[in-house]
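# Survey of secondary and tertiary structure
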Amino acid sequence: GWNVQSKQSLGEWMLAELTAGRRIKGFSDAVFSTVYALRLADLLEAAIDRGLSGIYNVGSRDALTKYEFAQRLAVRFGLDPRLVDRSSMDEVHLSAPRGKNLSMNVEKIERALGRPMPSIQDSIDDFFRDWEADLPGRLKSECRQALRSARVFAYGRQSLDDGDIDAVVQVLRSSYLTQGPRIG
């Protein structure tokens, strides 16, 4: 999707580099089931409306390598797909380890919502449509405007005593880290 902050999503980064005519590496051994962020928001809203609970994989109904994704993105935006070089995750040193196959089985959420999940091509098409409508520019402009009109309160140092620290340590050592009687 489109990031309102100064950092870029994977799609934004690929688009910026390819638009500038720069070569990028596309991992041919990294598989994922990405879905456009605004489509994901619609899917989550539908899940909430149906009162779904439990664990669901929510993503595209298909999977692509990041190389294939970059190629398709280039084609959809009318850019040169030959600027995407096939590479391997083994060739780079990422700051955090990542799995190579992040594809998902989305059959459970499809059954629960009564509709198919979008394809990755659907997400690329949505990304392109919103780019054509200048959604990225409008989002950033509206966010800047909202930040200018927001009241900012000065933030000082928090006050923690030994009792607060002991309470945190107790919870960290318990079996109730993310739930239970101490979480309010």
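Shown above is the structure to which this text applies.
The notes below deal with the structure included here. (Residues numbered from 1 in each chain as written. Predicted model: local features only at pLDDT ≥ 70, side-chain atom pairs only at ≥ 80, totals over all residues. Heavy atoms only, no water.)

### Re the side chain of Glu 110
- Tracing the backbone shows Glu 110 in helix H4 (residues 107-113).
- Arg 61 is the oppositely charged side chain nearest to the buried, salt-bridge-free Glu 110, at an N-O distance of 5.7 Å.
- Setting aside anything within four residues of it in sequence, one finds Glu 110 in contact with Arg 61, Arg 115, Pro 116 and Met 117. (Helix = DSSP H or I, 4+ residues; strand = E, 2+ residues; numbered from the N terminus. Buried < 20%, exposed > 50% of the residue type's maximum accessible area, 1.4 Å probe, protein only. Lys, Arg positive; Asp, Glu negative; His and termini not counted. Salt bridge = Lys/Arg side-chain N within 4 Å of Asp/Glu carboxyl O. Contact = heavy atoms within 4.5 Å.)

### A short note on the layout of surface pockets
- The calculated volume of the largest pocket comes to roughly 310 Å³.
- Secondary structure elements with two or more residues in the lining of the largest pocket: helix H1 (10-19) and strand E1 (24-27).
- A per-class count over the lining of the largest pocket returns nine nonpolar, two polar and four charged.
- Put simply, the second largest pocket is a space of about 210 Å³.
- For the lining of the second largest pocket, the secondary structure elements donating two or more residues are H1, helix H3 (66-76) and helix H5 (120-132).
- At three residues, the largest contribution of residues to the lining of the second largest pocket is made by H5. (1 Å grid on protein atoms, 1.4 Å probe; cavity = no way out; pocket = protein on both sides within 12 Å on 5 of 7 lines; lining within 4 Å. Points joined across faces, edges and corners; volume = space filled by probe spheres on them. Nonpolar A, V, L, I, M, F, W, Y, C, P; charged D, E, K, R; others polar.)

### Thoughts on the packing of aromatic side chains
- Applying the stated rule across the entire model yields seven aromatic pairs.
- Geometrically, the ring pair formed by Phe 77 and Phe 127 is edge-to-face, given 5.8 Å between the ring centres and 70 degrees between the ring planes. Highlighted residues: Phe 77 in the loop between H3 and strand E4 (84-87) and Phe 127 in helix H5, separated in sequence by 50 residues. Across the pair, Phe 127 and Phe 77 agree in class, each one buried.
- Look at Phe 77 and Trp 131: their rings are 5.0 Å apart centre to centre, the planes differ by 65 degrees, and that puts the pair in the edge-to-face class. Here Phe 77 is found in the loop between H3 and E4, whereas its partner Trp 131 is found in helix H5, with 54 residues between them in sequence.
- On the basis of relative accessibility, which here comes to 39%, the residue Trp 131 falls in the partly exposed class.
- A network of ring pairs unites the aromatic residues Trp 2, Tyr 36, Phe 77, Phe 127, Phe 128 and Trp 131 as a single cluster.
- One residue, Lys 66, lies across the ring of Phe 32, its end atom 5.1 Å from the ring centre.
- A cation over a ring is seen here: Lys 108 above Tyr 56, with NZ or CZ 4.5 Å from the ring centre. (Phe/Tyr/Trp six-rings, centres within 6.5 Å; stacked < 30°, edge-to-face > 60°. Lys NZ or Arg CZ within 6 Å of the ring centre and 35° of its normal.)

### Brief notes about the pattern of salt bridges
- Applying the stated criterion to the full structure yields ten salt bridges.
- Note that Glu 17 is salt-bridged to Arg 22, the shortest N-O span being 2.7 Å.
- The exposure class assigned to Glu 17 is buried, which follows from its relative accessible area of 16%.
- In this structure, Arg 76 and Asp 125 form a salt bridge, with 3.0 Å as the shortest nitrogen-oxygen distance. You can see Arg 76 sitting in helix H3 and its partner Asp 125 sitting in helix H5, a full 49 residues away along the chain.
- Through salt bridges with shared partners, a single network forms among Arg 39, Asp 126, Arg 129 and Asp 130.

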